[in-house]
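# Working through the structure, step by step
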Amino acid sequence: MAKNWRKRQTDIKAWESHRPCSDCGERDSVSEPGAGRRDSLCDKCVKLRIERKEAILEFMNTECSYGEDLRIIREEFYFPMQTAGLLTSEQLSVVFSNVQELLEVNEKFTELLQDGIDQGDEDLLNVCIGEIFLEFVNMLPAFQTYCLQQSTSINMLNTLEKEKELLRCGELNHIAKV
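### Section: the nonpolar core
The biggest cluster of nonpolar side chains holds 23 residues, and the ones touching the most others in it are Leu87, Val95, Phe96 and Ile117. Counting only elements with at least two residues in this core, the list comes to helix H2 (43-84), helix H3 (89-96), helix H4 (99-118) and helix H6 (140-163). Here the element with the most residues in this core is H4; it accounts for seven residues.

This is the structure:
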């Protein structure tokens, strides 16, 4: 019986070394589970998982940076110009378009994405990026509005800069405060 047991252990090890990749089913160059992994993966699938995880984290980082840029625009430019009365409410509306709406959409989007990452597994395989985008498909009109109004905003800024040099004075005052 002991001889049969050793043979079975050898057979199991042989089978494990030729176990198919748990992602793609290929049997070539399957790595043993390691670093907390339960799955045996081929080198190609390991690389794809790493690339997917890096893409998700980079996307989250980019969205967070974009949100921070929008907050800076609102806090450092919009509110001070509004408070100082440098521009009329109509001019502010044209120059800053729908920055507040974009900021709100970004905050909701990054919150949902962060929730997915926080609840995700080590490789973020259960972070359903496509579903998150589908859930926020209604955010596209906010970006459309911004894009469509961008040339009008630039024209207004150019006109204001030529007529009053308000923006330069406002910028110098802002720099002096810092």
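On we go.
### What about H3?
Within H3, the full set of buried residues consists of Gln91, Leu92, Val95 and Phe96. Within H3, the buried residues cover an arc of 110° as seen down the axis, which keeps them to one side. Facing away from the buried side of H3 by more than 90 degrees, the exposed set consists of Ser89 and Glu90. Its buried side turned inward, H3 meets H2, H4 and H6. Taken from the residues just after H3, Ser97 is the one with a positive phi, measuring 45°.

### A short note on the pattern of salt bridges
Under the counting rule described, the total for this entry stands at six salt bridges. Between Glu107 and Arg71 there is a salt bridge; the shortest N-O distance is 3.5 Å. Of the two residues, Glu107 is situated in helix H4 and Arg71 in helix H2; the sequence distance between them amounts to 36 residues. Arg71 sits in the partly exposed class, given a relative accessible area of 26%. For the salt bridge of Arg74 with Glu75, the shortest nitrogen-to-oxygen distance reads 2.8 Å. Residue classification places Glu75 among the partly exposed residues on the basis of a relative accessible area of 37%. The structure contains a network of salt bridges with shared partners spanning Asp23, Arg49 and Asp123.

Here is what the cut-offs are and how they apply
- Residues numbered from 1 in each chain as written.
- Predicted model: local features only at pLDDT ≥ 70, side-chain atom pairs only at ≥ 80, totals over all residues.
- Heavy atoms only, no water.
- Core = buried A, V, L, I, M, F, W, Y, C linked by side-chain atoms within 4.5 Å.
- Buried < 20%, exposed > 50% of the residue type's maximum accessible area, 1.4 Å probe, protein only.
- Helix = DSSP H or I, 4+ residues; strand = E, 2+ residues; numbered from the N terminus.
- Arc of directions from axis to C-beta.
- Contact = heavy atoms within 4.5 Å.
- Salt bridge = Lys/Arg side-chain N within 4 Å of Asp/Glu carboxyl O.

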